[in-house]
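# Breakdown of the fold
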Amino acid sequence: MCVFCKIANHEIPSKAVYEDDQILAFLDISPVTKGHTLIIPKQHFDNFSDCDSELVKHIHEVSKDLVKHYQSILNPKGFNLLSNMNTAAGQSVFHVHFHLIPRYDENDGLVLLFNHDDSVQYTKEEINQLILK
Ligand code: 5GP
Ligand code: ZN
């Protein structure tokens, strides 16, 4: 059983901030900012692409409620909501989770760089292939 399944089953303690029969939200053990929270389904899926769509919807509804709640308590200037998928994207725990990260300023604990890559070009055919039908 993976570490987040154990947390979901209360075999490993966590600082829970929301729980229902399907999902659990708890404070990250190694927070990058104050309020850094992980939101997980109790059922195990390796990552977002495997996760049941209704669960994804529910996770996002609760994430939105947490954003509003944290805004009133922590008064951050913004939030990031993100899920790392696979090692190449920085995933280290292979049980789907969303990071909800309150942001205070550009020098807080999260460094997120979107470096523009000039070498990325698309042909018309490639764009057509990318359209979700
Ligand atoms: P990932 O790198 O997979 O996107 O994120 C995994 C996150 O889980 C990390 O931010 C890490 O600090 C957190 N984490 C790992 N193990 C535990 C744990 O046992 N308890 C809690 N609360 N967080 C954990
Ligand atoms: Zn698991």
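This section reports on the structure supplied with the text. These numbers were taken from a predicted model, which means no experiment stands behind them.

### Things to note about the pairing of strand S2 (residues 23–27)
Most of S2 sits inside the fold, with four of its five residues counted as buried. As defined by bridge partners, strand S1 (residues 16–19) adjoins S2 across three bridges and the pair is classed as antiparallel. Along S2, the bridge assignment pairs Glu19 with Leu24. From the end of S1 to the start of S2, which pair antiparallel, there are three residues. Here S2 runs beside strand S3 (residues 37–41); their pairing, made up of five bridges, is antiparallel. Across the sheet, the residue bridging to Phe26 is Leu38, located in S3.

### A look at helix H2 (residues 53–74)
For H2, which comprises 22 residues, the first-to-last C-alpha distance of 30 Å matches the rise-based estimate of 32 Å (1.5 Å per residue) to within 8%. Listed as buried for H2 are Leu55, Val56, His58, Ile59, Val62, Ser63, Leu66 and Tyr70. One face of H2 carries all of its buried residues, which in axial projection span an arc of 150 degrees. Set apart from the buried face of H2 by more than 90 degrees, the exposed residues are Ser53, Glu54, Lys64, Asp65, Lys68 and Ser72. Those residues of H2 hidden inside the fold are in contact with S1, S2, S3, strand S4 (78–82) and strand S5 (98–103). The N-terminus of H2 is capped by Asp52, whose side-chain oxygen sits 3.1 Å from the backbone nitrogen of Glu54. Positive backbone phi, approximately 50 degrees, marks Asn75, located one or two places after H2.

### Here we look at the pattern of salt bridges
Scanning the entire structure with this criterion turns up two salt bridges. Here Glu19 makes a salt bridge to Lys42, at a shortest N to O gap of 2.6 Å. A residue pair is termed long-range when its members are at least 10 positions apart, and Glu19 in strand S1 and Lys42 in the loop between S3 and H2 qualify at 23 residues. Taking the relative accessible area as the measure of exposure, Glu19 reaches 37% and is therefore partly exposed. Here Arg103 ties to Asp108 by a salt bridge, and the two come within 3.0 Å at their closest N and O atoms. Here the two residues Arg103 and Asp108 agree in accessibility, since each one is buried.

Conventions used here
- Residues numbered from 1 in each chain as written.
- Chains lettered and ligands numbered in written order.
- Predicted model: local features only at pLDDT ≥ 70, side-chain atom pairs only at ≥ 80, totals over all residues.
- Heavy atoms only, no water.
- Buried < 20%, exposed > 50% of the residue type's maximum accessible area, 1.4 Å probe, protein only.
- Helix = DSSP H or I, 4+ residues; strand = E, 2+ residues; numbered from the N terminus.
- Pairing = 2+ DSSP bridges.
- Expected span 1.5 Å × (residues − 1).
- Arc of directions from axis to C-beta.
- Contact = heavy atoms within 4.5 Å.
- Polar contact = N/O pair within 3.5 Å; in protein donor to acceptor, adjacent residues only side chain to side chain.
- Salt bridge = Lys/Arg side-chain N within 4 Å of Asp/Glu carboxyl O.

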